[in-house]
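So the chains spell out like this:
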Amino acid sequence: MKARRRGVLQVLRQRHAPLFHLLGKTSARDVDKHAAIVQAGFRLKDRYGVMTLEDSASVMELEVVSDFMPCGDHDVVICRVTQYENFTEDAQDVLYTSALRAAGYM
């Protein structure tokens, strides 16, 4: 995101909970995330020039509109949503942190 000043955010579904550690706690510098996702039985689809989960709940294309602010081991940045696609009407199918806690992922 720093180099291109754009990114893609996908909203996960309940069935993606087993991918939580891979997607959120590992770096693509250390792990081939695409291969691991496919090996776990999920399919990928190109959206906005980035590979996303084919069955994600929604996808947003983001444009960076602020400076990057260091915050621990991450940076914080403000983005504008430039495009958005929603693939589910079922809010119960979206993966919330409460479900991750209940399943022992957090």
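Reading the values: the criteria
Residues numbered from 1 in each chain as written. Predicted model: local features only at pLDDT ≥ 70, side-chain atom pairs only at ≥ 80, totals over all residues. Heavy atoms only, no water. Helix = DSSP H or I, 4+ residues; strand = E, 2+ residues; numbered from the N terminus. Rg over C-alpha atoms; globule rule 2.2 N^0.38 Å. Buried < 20%, exposed > 50% of the residue type's maximum accessible area, 1.4 Å probe, protein only. Contact = heavy atoms within 4.5 Å. Areas by Shrake-Rupley, 256 points an atom, 1.4 Å probe, with all protein chains shown as cover. UniProt positions renumbered as here; feature names shortened; annotations may be inferred. pLDDT = per-residue confidence, 0-100. Core = buried A, V, L, I, M, F, W, Y, C linked by side-chain atoms within 4.5 Å. 1 Å grid on protein atoms, 1.4 Å probe; cavity = no way out; pocket = protein on both sides within 12 Å on 5 of 7 lines; lining within 4 Å. Points joined across faces, edges and corners; volume = space filled by probe spheres on them. Nonpolar A, V, L, I, M, F, W, Y, C, P; charged D, E, K, R; others polar.

Under an unreviewed UniProt entry, the name given to the protein is Flavin reductase like domain-containing protein, and the source organism is Pleodorina starrii.

## Some remarks on the overall build of the protein
Helix and strand counts for the protein come out as 3 helices and 7 strands. The N-to-C order of helical and strand elements in the protein reads β-α-α-β-β-β-β-β-β-α. Against the compact-globule benchmark of 13 Å for 106 residues, the protein has a radius of gyration of 14 Å, which places it among compact chains. C-alpha extents for the protein along the principal axes are approximately 35 × 30 × 25 Å. Burial statistics for the protein: of 106 residues in total, 29% are counted as buried. For the protein, restricting intrachain contacts to residue pairs at least 6 apart in sequence, the fraction spanning at least 24 positions comes to 57%. When the accessible area of the protein is evaluated, it comes to approximately 7100 Å², of which 52% is carbon and sulfur surface.

## Considering the UniProt feature "domain: Flavin reductase like" (unreviewed entry) in the protein
Feature annotation in UniProt places "domain: Flavin reductase like" (unreviewed entry) on residues 2-96, given in this structure's numbering. Note that residues 2-96 is 14% helix and 37% strand, and that its end C-alpha atoms are spaced 27 Å apart.

## Examining the confidence of the model for the protein
Mean pLDDT over the protein: 93, with 100% of residues reaching 70 or higher. Helix 1 (residues 20-25) is the least confidently modelled element of the protein, averaging 89 in pLDDT, while strand 4 (residues 58-64) averages 97, the highest of any element.

## Regarding the nonpolar core
By size, the foremost hydrophobic cluster in this structure holds 10 residues: Leu-12, Ala-17, Leu-19, Phe-20, Leu-22, Ile-37, Phe-42, Leu-53, Leu-95 and Leu-100. Aside from chain neighbours lying at most four places away, what touches Phe-20 is Lys-25, Leu-100, Tyr-105 and Met-106.

## A word on the layout of surface pockets
Each pocket or cavity is described by its volume, and for the largest pocket that value is around 1300 Å³. For the largest pocket, the lining is made up of 34 residues, of which Val-8, Leu-9, Leu-23, Gly-24 and Lys-33 are closest to its centre. When residues of the lining of the largest pocket are traced back to their parent elements, those giving at least two are strand 1 (6-11), helix 1, helix 2 (33-39), strand 3 (50-53), strand 6 (74-76) and helix 3 (97-102). Here the lining of the largest pocket gets 6 residues from one element, more than from any other, and that element is strand 1. Each residue belonging to the lining of the largest pocket can be placed in one class, and the counts come to 20 nonpolar, 7 polar and 7 charged. Here the second largest pocket defines a volume of roughly 160 Å³. Every residue along the wall of the second largest pocket is listed here: Leu-23, Gly-24, Lys-25, Thr-26, Ser-27, Ala-28, Arg-29 and Lys-33.

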